[in-house]
Protein chains: 2
Amino acid sequence: MQALHLWRLAVLAGVRRETPDLSARQMAVLLNVYLTPPPHTVRGLATLLNVSKPAITRALDRLSELELVRRKADESDRRNVLIQRTIKGSVFLRDWGGIVSGVAQDIAA
Amino acid sequence: MQALHLWRLAVLAGVRRETPDLSARQMAVLLNVYLTPPPHTVRGLATLLNVSKPAITRALDRLSELELVRRKADESDRRNVLIQRTIKGSVFLRDWGGIVSGVAQDIAA
DNA sequence: CGTAAAAATTACGTAACCGAAACGACATGG
DNA sequence: CCATGTCGTTTCGGTTACGTAATTTTTACG
């Protein structure tokens, strides 16, 4: 029950702020790139999220445009594209984590 | 930091399940209708979420179609539309709360 | 070699969504 | 009553995202 209140306040904060408005899929991609060990490929993310590859490609287009992630060719197998982290992405997620944990504190108190 | 891992797992669970795929705004509307005291109006939700009224109308179209909320005319002022809860909505949010708190438990352990 | 397989992307038609503005129903104060 | 304001919805033009299917580039293997 408190979990729902946590979710409410955090989602509310996310919707309200003007800053980049990411879809659930884009957010899932971003979080997985930053919080799970590399390498990250399109195919891997597609199967992990249970969505099609083009959906991942489009999410990466958007995230790259925002400079939250970066694409890099895999030199050992040039068919692959490796997704890498960026400074902006790190900052964005740190901020977001701060919001969520701040909300959690408020609820606990 | 754990907050981000919590968020990652919960978003991942949300994206993976085939069932109704709600946008952040729709989710925000749904959560506020269920977790804050009534009455809930379009204008009230619009200002709370800091989005336009049509955006709320469309979110309610979608949520009504899924039978997660219900619109009801305000008899005392027929310009108003009151948003009410439904059984399906309660079940949906209870399930979601279960997922989030389950993830939280896993992280704590 | 050369054919098959795999990776990501692009193409394409469809559906959902957005904000601004126009609209219709209703309320309220003069 | 009627003029003005309020509330929710609809309309409009444009953007974005989706899934399926075709394309491109690269690798693997027979």
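Residues numbered from 1 in each chain as written. Chains lettered and ligands numbered in written order. Predicted model: local features only at pLDDT ≥ 70, side-chain atom pairs only at ≥ 80, totals over all residues. Heavy atoms only, no water.

**Focus: the confidence of the model for chain A**
Applied cut-off: Scored between 0 and 100, pLDDT is the confidence that the predictor attaches to each residue. Put simply, DSSP H or I for four residues or longer makes a helix, DSSP E for two residues or longer makes a strand, and each gets a number counted from the N terminus.
Of the residues in chain A, 98% reach a pLDDT of 70 or more, and the chain-wide mean stands at 92. Within chain A, helix 1 (residues 2-16) of chain A has the poorest average pLDDT of any element, 92, and strand 2 (residues 81-85) of chain A the best, 95.

**As for the pattern of salt bridges**
Stated formally: One side-chain nitrogen of Lys or Arg within 4 Å of one carboxyl oxygen of Asp or Glu is enough to make a salt bridge. Exposure classes here rest on a 1.4 Å probe applied to the protein chains alone. A residue is buried below 20% of its type maximum, exposed above 50%, and partly exposed in between.
Considering all chains together, one arrives at 9 salt bridges over all chains under this definition. One salt bridge connects A:Asp77 with A:Arg79, and the closest N-O pair in it is separated by 3.0 Å. Residue A:Arg79 is classed as exposed on the basis of its relative accessible area of 72%. The partner of B:Glu67 in a salt bridge is B:Lys88, and the shortest N-O contact between them spans 3.5 Å. A residue pair is termed long-range when its members are at least 10 positions apart, and B:Glu67 in the loop between helix 4 (53-65) and strand 1 (69-73) and B:Lys88 in helix 5 (residues 87-108) qualify at 21 residues.

**Some remarks on the interface of chain B and chain A**
This is how the line gets drawn: Contacts are assigned to residue pairs with any non-hydrogen atoms lying within 4.5 Å of each other. Buried surface area refers to the total accessible area, computed with a probe of radius 1.4 Å, that the two partners give up upon joining, counted for both partners together. Under the rule applied, a polar contact is a pair of N or O atoms within 3.5 Å (in protein, one hydrogen donor and one hydrogen acceptor; residues adjacent in sequence only if both atoms are side-chain atoms). As a working rule, the residues Ala, Val, Leu, Ile, Met, Phe, Trp, Tyr, Cys and Pro are called nonpolar, Asp, Glu, Lys and Arg charged, and the rest polar, with Gly in that last group.
Taken residue by residue, the interface counts 30 residues in chain B and 30 residues in chain A. Surface buried jointly by chain B and chain A totals about 2800 Å² across both partners, of which 76% is contributed by carbon and sulfur atoms. At the surface where chain B touches chain A, the tally comes to 0 salt bridges. The interface formed by chain B and chain A includes 4 residue pairs in polar contact (both at pLDDT 80 or more). If you list the elements that add at least two residues to the side of chain B that touches chain A, you get helix 1 (2-16), helix 2 (24-35), helix 3 (42-49) and helix 5 of chain B. Considering only residue class, the side of chain B that touches chain A consists of 20 nonpolar, 6 polar and 4 charged.

**Quick notes on the protein's contact with DNA strand C**
Formally: Each residue is tested against the molecule or strand, and it is near if at least one of its non-hydrogen atoms lies within 4 Å.
What surrounds DNA strand C is a group of 19 residues, the closest being A:Arg43, A:Lys53, A:Arg71, B:Gln26 and B:Ser52. Take the atoms of DNA strand C that sit within 4 Å of the protein: sugar and phosphate atoms are 76% of them. Separating a sugar or linking oxygen of DNA strand C from a side-chain N or O atom of A:Asn80 is a distance of 3.1 Å. Interatomic distance of 3.1 Å between a side-chain N/O atom of B:Arg58 and a base nitrogen of DNA strand C. Grouping the amino acids of the surface near DNA strand C by side-chain chemistry returns 5 nonpolar, 5 polar and 9 charged.

**Focus on the protein's contact with DNA strand D**
As a matter of local geometry, DNA strand D sits amid 20 residues, with A:Arg58, B:Arg43, B:Lys53, B:Arg71 and B:Arg79 nearest to it. A share of 67% of the atoms of DNA strand D within 4 Å of the protein falls on sugar and phosphate groups. B:Lys53 has a polar side-chain atom sitting 2.7 Å from a base nitrogen of DNA strand D. Within the contact set of DNA strand D, a sugar or linking oxygen lies 3.2 Å away from a side-chain nitrogen or oxygen of B:Asn80. Of all the secondary-structure elements, those providing two or more residues to the surface near DNA strand D are helix 2 (24-35) and helix 4 (53-65) of chain A together with helix 3 and helix 4 of chain B. If you tally residues by element for the surface near DNA strand D, the top one is helix 4 of chain A, at 4 residues. Its residues assigned to classes, the surface near DNA strand D comprises 5 nonpolar, 5 polar and 10 charged.

**Some points on helix 5 of chain B**
Put simply, the rule is: To estimate how far a helix should reach, multiply one less than its number of residues by 1.5 Å.
In this model, helix 5 of chain B (22 residues) spans 31 Å end to end at C-alpha, consistent with the 32 Å of a helix rising 1.5 Å per residue. Considering only its buried residues, helix 5 of chain B is in contact with helix 1 of chain A together with helix 1 and helix 2 of chain B. At the N-terminal boundary of helix 5 of chain B, the capping side chain belongs to B:Thr86, with an oxygen 3.0 Å from the backbone nitrogen of B:Gly89.

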